[in-house]
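The chain contents come next:
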Amino acid sequence: MTVLTLGPDKSTQVILKALALGADKAVHLKHDSFPNDPNAIAHAIADELKTVQFDVLLFGKKGVDDDNQQVGQMVAELLNVPCVTQVAKLEIFDGRAVAHREVEGGSLIVEATLPAAFTSEKDLAVPRYASLRELVAARKKPITVKEPGTARPVLETVSVQYPPPRPPGRIIGKGVEAVPVLVKLLHEEAKVI
Amino acid sequence: MTQPVLVFAESSGSQFRKSGFEAVTEGRRLADLAGAEEYAVAIGHGLEERMIELGKYGADRVFLADDPSLALFHPDYYRHILLDAVKKHAPSIILLPATSAGKDLAPRIAIHLNTGVASDCVQLSLENGDLFATRPAYAGKVLLKVRINGTPKIATLRPNAFTAKEVSPVHSPSVEPLTFEKPETRMVVKEFAALGPKKMDLTEASIIVSGGRGMGGPENYKILEELAEVVGGIVGASRASVDAGWRPHSDQVGQTGRTVSPTLYIACGISGAIQHRVGMVNSKIIVAINKDPDAPIFGFADYGIVGDVFEVVPALTRELKKFYGK
């Protein structure tokens with residue numbers, strides 16, 4: 001199992017953690033300031049994987065910075081492999097996989113033949129703590145460092161702002177006595193009922 | 001002739017999703033500003049009679065791909081149909097709801113068209129003919145204003161961040177069928193396993209009654225369900241309740257759960273930690289019930305009651321029954 005990361009120098013920390021948790025080797029597409037752009041990132045990853053044979057390509061849920069949730073399926077489309085997103089449960093069999101997508105109101109059960117790509121939903125797997133022996137062994141596993149291709153970003157952030165602050169609220173009372181007051185306020189002041 | 005605005009009006013079964021209508025309304029607004037037409041695309045099975053609703057929300061032309069194999073969301077089939085429609089009609093803007101299907105589909109279309117998607121937008125604006133999208137980032141701590149340097153501009157819209165509005169006079173376009181030749185695919189969508197009796201998703205709810213660690217256990221959610229029923233809402237949960245196994249993950253509101261923006265959010269026995277807050281802070285009105293007067297939630301709730309949820313919630317249910325004259 002290979003772990004692939006696109007990022008600056010300090011991505012090595014994440015790679016070592018993954019190697020300690022069971023990855024056999026790593027590929028680090030190293031770039032100090034690669035644009036945080038789904039299209040650019042997807043092309044860089046797809047270019048790297050073009051000549052790689054894989055059965056399963058697994059992505060996380062989303063980047064914790066931009067919250068875009070786009071890269072996984074973009075890479076799959078570029079590589080022309082099936083992609084099931086938001087997978088909360090994944091079973092791999094010989095040459096095929098059964099994925100449970102978490103959707104509104106329940107799960108969509110999708111079968112795909114391998115090779116295929118999947119993006120995760122929370123609780124797909126619960127990470128464990130690596131043992132000391134594994135952490136030490138991780139440093140001996142091979143990490144191939146490469147340069148990603150030229151980035152061609154499509155999204156441009158023109159401004160960053162804090163969301164408008166909520167007007168301050170108030171505690172209107174204690175216990176059941178406050179309940180009629182609340183209902184009155186919800187009706188007359190907030191006008192939501 | 002200006003290029004049209006194309007909207008994917010998502011459906012579930014034989015009904016359109018509320019978030020689909022929200023996208024049609026926003027599409028109508030942008031089309032009016034641009035002096036363009038709005039086309040709505042529906043994909044599914046059994047939607048024929050509902051297509052008229054898309055005209056009610058402002059679509060000038062409506063297209064339908066109807067086939068049993070489209071009843072459930074199949075990424076390859078849906079992508080194929082939408083890309084066909086895009087090639088034929090060359091829209092300048094494409095809108096989809098930011099539902100699980102919309103968020104899955106938009107990036108696939110974008111990468112094939114060599115353009116980008118602004119995902120989970122809470123606001124769109126047209127300035128000098130250029131589309132700008134406002135979308136939350138860093139788990140909602142900031143709002144980014146984004147421009148897509150590609151064409152068409154694609155945006156997925158956060159459910160409940162836009163309000164569906166009927167136009168007057170109503171449009172009555174005739175349904176234009178989309179022929180559907182199944183593309184090759186290595187995916188089979190086998191079935192939909194419902195979690196419980198068919199209910200609305202949290203992201204589409206107008207009223208949410210939510211329970212946290214203070215509820216103490218799964219059986220105690222009964223009082224929240226009763227309150228939700230009276231007020232016409234659905235029940236949500238904090239991460240504590242989900243991790244404890246009291247409620248399913250699909251009920252979770254927060255950073256690693258759903259982001260909701262209902263008109264009314266009633267938080268019961270929820271402390272209001274930042275990870276929960278980012279998932280519900282966009283609610284129009286927040287009510288908090290908690291026995292700890294120092295709980296962080298009282299710092300941002302519009303109305304707070306310090307008290308025992310097991311007394312206050314049933315009292316609130318009774319009071320609301322009186323209010324509604326039930």
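Residues numbered from 1 in each chain as written. Chains lettered and ligands numbered in written order. Predicted model: local features only at pLDDT ≥ 70, side-chain atom pairs only at ≥ 80, totals over all residues. Heavy atoms only, no water.

1. Description of the overall build of chain B
Then step 1. Secondary structure summary: chain B contains eight helices and 18 strands in total.
Then step 2. Relative to the globule expectation of 20 Å for 326 residues, the C-alpha radius of gyration of chain B, 21 Å, shows essentially globular dimensions.
Then step 3. The principal-axis extents of the C-alpha atoms in chain B amount to approximately 60 × 40 × 40 Å.
Then step 4. In chain B, buried positions account for 60% of the 326 residues.
Then step 5. When contacts within chain B are restricted to residue pairs at least 6 apart in sequence, those whose partners lie at least 24 apart make up 64%.
Then step 6. Between the averaged position of the 36 positive side-chain charges in chain B and that of its 37 negative side-chain charges there is a distance of 3 Å. (Helix = DSSP H or I, 4+ residues; strand = E, 2+ residues; numbered from the N terminus. Rg over C-alpha atoms; globule rule 2.2 N^0.38 Å. Buried < 20%, exposed > 50% of the residue type's maximum accessible area, 1.4 Å probe, protein only. Contact = heavy atoms within 4.5 Å. Lys, Arg positive; Asp, Glu negative; His and termini not counted. Charge placed at Lys NZ, Arg CZ, Asp CG, Glu CD.)

2. Focus on the side chain of B:H89
Residue and element names in this part refer to chain B.
Then step 1. Considering the arrangement of structural elements, one finds H89 in helix 3 (residues 75-89).
Then step 2. With relative accessibility at 16%, the residue H89 sits in the buried group.
Then step 3. What H89 contacts, discounting residues up to four positions off in sequence, is P4, Y39, R61 and F63.

3. Quick word on the interface of chain B and chain A
Then step 1. Taken together, the contacts link 82 residues of chain B with 71 residues of chain A.
Then step 2. Summed over both partners, the interface of chain B with chain A comes to about 6600 Å²; 56% of that surface belongs to carbon and sulfur atoms.
Then step 3. Ranking the residues of chain B by area buried against chain A places B:I111, B:R186 and B:Y303 at the top, with a combined share of 13%.
Then step 4. Applying the counting rule to chain B against chain A returns nine salt bridges.
Then step 5. B:R258 is paired through a salt bridge with A:E102; the nearest N and O atoms lie 3.5 Å apart. (Buried area = accessible area lost by both parts, 1.4 Å probe. Salt bridge = Lys/Arg side-chain N within 4 Å of Asp/Glu carboxyl O.)

4. As for helix 5 (residues 178-189) of chain A
What sets the pattern is the α-helix's 3.6 residues per turn: residues three or four places apart point alike.
Then step 1. For helix 5 of chain A, which comprises 12 residues, the first-to-last C-alpha distance of 15 Å matches the rise-based estimate of 16 Å (1.5 Å per residue) to within 8%.
Then step 2. Turning to helix 5 of chain A, the residues buried within the fold contact strand 10 (170-174) of chain A together with strand 16 (264-268), strand 17 (285-290), strand 18 (303-306) and helix 8 (309-323) of chain B.
Then step 3. Backbone geometry just after helix 5 of chain A places A:K191 at a positive phi near 55°. (Expected span 1.5 Å × (residues − 1).)

5. Brief notes about unusual backbone geometry
Then step 1. In this chain, A:L114 is followed by A:P115 through a cis amide linkage whose omega measures 5°.
Then step 2. Relative to the assigned elements, A:P115 resides in the loop between strand 6 (106-113) and strand 7 (116-120).
Then step 3. In the segment running from B:S168 into B:P169, the intervening peptide bond is cis, with an omega of 0°.
Then step 4. One can find B:P169 in the loop between strand 11 (153-157) and strand 12 (175-177).
Then step 5. If you check the backbone angles, A:K191 has positive phi at about 55° while not being a glycine.
Then step 6. Checked against the element boundaries, A:K191 lands in the segment after helix 5.
Then step 7. The class of A:K191 is exposed, set by a relative accessible area of 62%.
Then step 8. A positive phi angle, near 60°, is found at B:D120, a position not held by glycine.

None of the figures reported here should be taken as evidence of function without further support.
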